[in-house]
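Structural overview
For reference, the chains in residue letters:
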Amino acid sequence: MQPSTLPTWRSQFAAEIVGESSAIIEALETIQYVANTDCNILITGETGTGKELFARAAHRASSRRGRPFIPVNCAAIPETLLETELFGHVKGAFTGANNARPGRFMSANEGTIFLDEIGDLPLAAQAKLLRVLEERTVCPVGSDTEVPVDVRIVAATHRNLEEMVAQGKFRADLYFRLAVVPVVLPALRERADDIVQIAELCIVRVRERIGRHVEGLDDSGKAALAAYHWPGNVRELSHLIERAVLLAKRSRLGAADLAIPGQKVKFSRSSDGVPTPVPMAVGSSLRIPMPELPTSDTLDLRAALEHLERDLIDRALTKAGGNRTEAAALLGLNRTTLVEKLRKYAA
């Protein structure tokens, strides 16, 4: 593959995917290389990293582009309905089945089916999906007839399927069938240089859709975006920008306009005396009072344990960017327990 062809390919099939980080370029080059084949693709990455955008790019760049692209969120379908949703049913298959219904696989025939959150698929459904991949046929609920299907499968998950296989929660044979071509998407915090570019594009799209006159970000806005850890990744960034544009009172969004969670804004003075808003580092305003570590002479176990607990809480809050729910999960606590401890230590 000639890397020089990527910009043209990208503008034609993956224009929505923004960023120039090495991990994004590598993922795009992989999709470009295999898009026009029928091999299965497994896209992994945290929630909100844009897995469906890559799946759609693979479909658009394939010979199947004129046929359906059918997305399926495996985590959103109740287990009792999963089989009929995926494979369809015949009339009279169960109470209420007054008409035959094609499943998602038949709807995607000759096209691409995108199985999102494949890691949430129950083991029983995994076995049935494996049979579809092996036989290239589906059997609608209530029928004894196998129906041929010609689909390209792109699967995605935020879970670690290799760990799930080791734990017996995901079938190894299905995993190897799906992961013919693995594509790993980086978290937004791992591609910090792309954050402002993505935000500026979001501003343009929201501005065109709702008619607000917002030109972009000022320096404090850019600094605020760079300082945040983005647990919700690109999806969280796009929602935050949409809200900021909707409520904007000036043409360029600053740190105060963005209202980033857990981030406070302080002001510093430049050499000319003009106050400039500067976002405080995430977690810097969340540090809890830390007493001196007891000396070994005192042998005060309670004080030593309290010091350790405060330190662990502070580190969890910093890692979670001030999100108490996330910090509590890291500590193995209920959120209410963490809140009570913070109140006690802040007193």
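Residues numbered from 1 in each chain as written. Predicted model: local features only at pLDDT ≥ 70, side-chain atom pairs only at ≥ 80, totals over all residues. Heavy atoms only, no water.

Looking now at the sheet that holds strand β6 (residues 152-157). What the five strands build is an open sheet, ordered β2-β3-β6-β1-β7; its pairing is parallel. The strands lining the two open edges of the sheet, one partner per strand, are β2 (69-73) and β7 (181-184). Within this sheet the neighbouring strands show an average axis-to-axis angle of 20°, counted without direction. Here four bridges tie strand β1 (residues 41-44) to β6, and the two strands are oriented parallel to one another. Bridge pairing links T44 to T157 in β6. (Pairing = 2+ DSSP bridges. Helix = DSSP H or I, 4+ residues; strand = E, 2+ residues; numbered from the N terminus. Axes fitted to C-alpha atoms, helices over the stretch in contact; angles between N-to-C directions.)

If you look at soluble globular proteins, the nonpolar side chains tend to sit buried side by side. Counting 31 residues, the largest nonpolar core has F105, L115 and I118 as its most contacted members. Taken together, the elements giving at least two residues each to this core come down to β2, α4 (79-87), β3 (112-116), α6 (123-135), β6, α7 (161-166) and α8 (172-178). By residue number, the principal contributor to this core is α6, which donates five residues. If we ignore the near neighbours within four places in the chain, the residues touching L115 are V72, C74, L86, F105, L129, I153, V154, A155 and A156. (Core = buried A, V, L, I, M, F, W, Y, C linked by side-chain atoms within 4.5 Å. Buried < 20%, exposed > 50% of the residue type's maximum accessible area, 1.4 Å probe, protein only. Contact = heavy atoms within 4.5 Å.)

Looking at the protein chain as a whole, its pLDDT mean stands at 84, while 86% of the residues score no less than 70. Here residues 272-288 scores under 50 on pLDDT; set against residues more than four positions off or in separate chains, the count is 45 contacts. (pLDDT = per-residue confidence, 0-100.)

In this section: a nonpolar patch on the surface. Taken together, the side chains of L301, L305, L308 and L312 make up a nonpolar region of the molecular surface, amounting to roughly 380 Å² of accessible area. By the element assignment, L308 lies in helix α13 (residues 301-319). Looking at L308, the relative accessible area reads 44%, which means it is partly exposed. (Patch = residues over 30% accessible without salt bridge, like charges linked within 9 Å, V, L, I, M, F, W, Y side chains within 5 Å. Areas by Shrake-Rupley, 256 points an atom, 1.4 Å probe, with all protein chains shown as cover. Salt bridge = Lys/Arg side-chain N within 4 Å of Asp/Glu carboxyl O.)

All right, on to unusual backbone geometry then. In this structure, E110 is a non-glycine residue whose phi angle is positive, near 70°. Within the secondary structure, E110 is located in the loop between α5 (104-107) and β3. Phi is positive for R136, close to 55°, though the residue is something other than glycine. Tracing the backbone shows R136 in the loop between α6 and β4 (137-138). Assessed through its relative accessible area of 30%, R136 is described here as partly exposed.

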